[in-house]
Amino acid sequence: MEYFKTPRGSLFKLTQEEYEAIMDLVKEEEPAGPKGLLELYSKEDFLNEVFISEQQYGEIAILLNRKKNIILQGAPGVGKTFAAKRLAYSLMGSVDDSRIEMVQFHQNYSYEDFVMGFRPVEGGGFELRNGIFHQFCIKAANDPNRDYYFIIDEINRGNLSKIFGELLMLIENDKRGSKFAVPLTYKPDSRFYVPQNIFIIGMMNTADRSLAMIDYALRRRFCFIEIEPAFNTQSFRKHLVDSGIHVDLIEKIISRLNYLNSQISSDSNLGRGFRIGHSYFCNPSTDENWYQSVIEYEINPLIAEYWFDNEEKAQEYMDYLLG
């Protein structure tokens, strides 16, 4: 038991656990609520920016609300990261980055980074610090009437069992809330839970060989949603037209990338998960060398990697795209 002074000088008693809980709320978290006016963002705004259908948007929103955890998976360049943040905006109804946190997993990402662990301090020694997800949970718990979105890029690149630890159970929809609180590895004398108002959106590249690292325990806790290349959509075509790209080049992009993707899909060593996404062409330029530059320096290296054991076939596709 320790004594602490109020601003007026009076003393009050706190246990160490009570003190740490207060410091979690006061020191580590920003005050809840937006600062100033926020830009509104609707479902229509999302559909204007992200090349998916209104039907798929509705399905994603329903799945996220029911499961609370989804993974957007797809081929390289289908705009998964771009879509994830705008999905959160559209469901919140505003561009409120204070209610969004985003991390990228990698091979060295750990439980200590994500949940809690000891970290070195200036002058020597170590102190126990909350990880980014732990802090985000406290922030959401202090603002229970609004939704919060935690976005994980490259979710399959980390050692997921090691990163999530006991949170693997707590992120389940029916295990949310204080009644399911459990002790944490580094703080067995206190209890932790994941609030109901946190939604997790992961992104996963289906061309990444480390997909095998996704274990069934984690798969059961997420809904997996496929994001397709958008070359066949009217919204992608309209985007290029509005950007000033000539109709002949638009037809060239669509027909040739559709053909390449059909070849990739039918290749027994590759498949649909290795198709080329539309985001390579989402920042177009009226410069006459723009298309050639994208193909030569972004698409062709990918083709060379896909058919590294068949240089003749790779060169055939490269020549076809450049035409």
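Basis of the calculations
Residues numbered from 1 in each chain as written. Predicted model: local features only at pLDDT ≥ 70, side-chain atom pairs only at ≥ 80, totals over all residues. Heavy atoms only, no water. Pairing = 2+ DSSP bridges. Helix = DSSP H or I, 4+ residues; strand = E, 2+ residues; numbered from the N terminus. Axes fitted to C-alpha atoms, helices over the stretch in contact; angles between N-to-C directions. Contact = heavy atoms within 4.5 Å. pLDDT = per-residue confidence, 0-100.

Asker: I'd like a rundown of the sheet that holds strand S11 (residues 223-227), residues and numbers included.
Answerer: Pairing is parallel across the open sheet formed by five strands, whose spatial order is S4-S7-S10-S3-S11. One side of each edge strand has no neighbouring strand; the edge strands of this open sheet are strand S4 (100-104) and S11. Strand-to-strand twist in this sheet, taken as the mean axis angle between neighbours without regard to direction, amounts to 20°. Set on the sheet, helix H3 (residues 54-67) makes contact with strand S3 (69-74), strand S7 (148-153), strand S10 (198-205) and S11; between it and S11 the angle comes to about 160°. Each of S3, S4, S7 and S10 touches helix H4 (residues 80-92); the most contacted strand, S10, lies at about 160° to it.

Asker: How would you explain the pairing of strand S6 (residues 126-130) if you had to name every residue and give the values?
Answerer: Sheet analysis places strand S5 (residues 116-120) next to S6, joined by five bridges and oriented antiparallel. Following the sheet pairing, Phe118 is matched in S6 by Leu128. Hairpin geometry of S5 and S6 is characterised by an intervening segment of five residues between the two adjacent antiparallel strands and by a positive phi of about 95° at Gly123.

Asker: Please provide a residue-by-residue account of the confidence of the model for the protein chain, values included.
Answerer: Averaged over the protein chain, the pLDDT score is 88; the fraction of residues at 70 or greater is 87%. Below a pLDDT of 50 lies the segment residues 1-12, which in the model reaches 19 contacts outside its immediate sequence neighbourhood of four places, other chains included. Counted against residues more than four places away or in other chains, residues 26-35, with its pLDDT under 50, gives 16 contacts.

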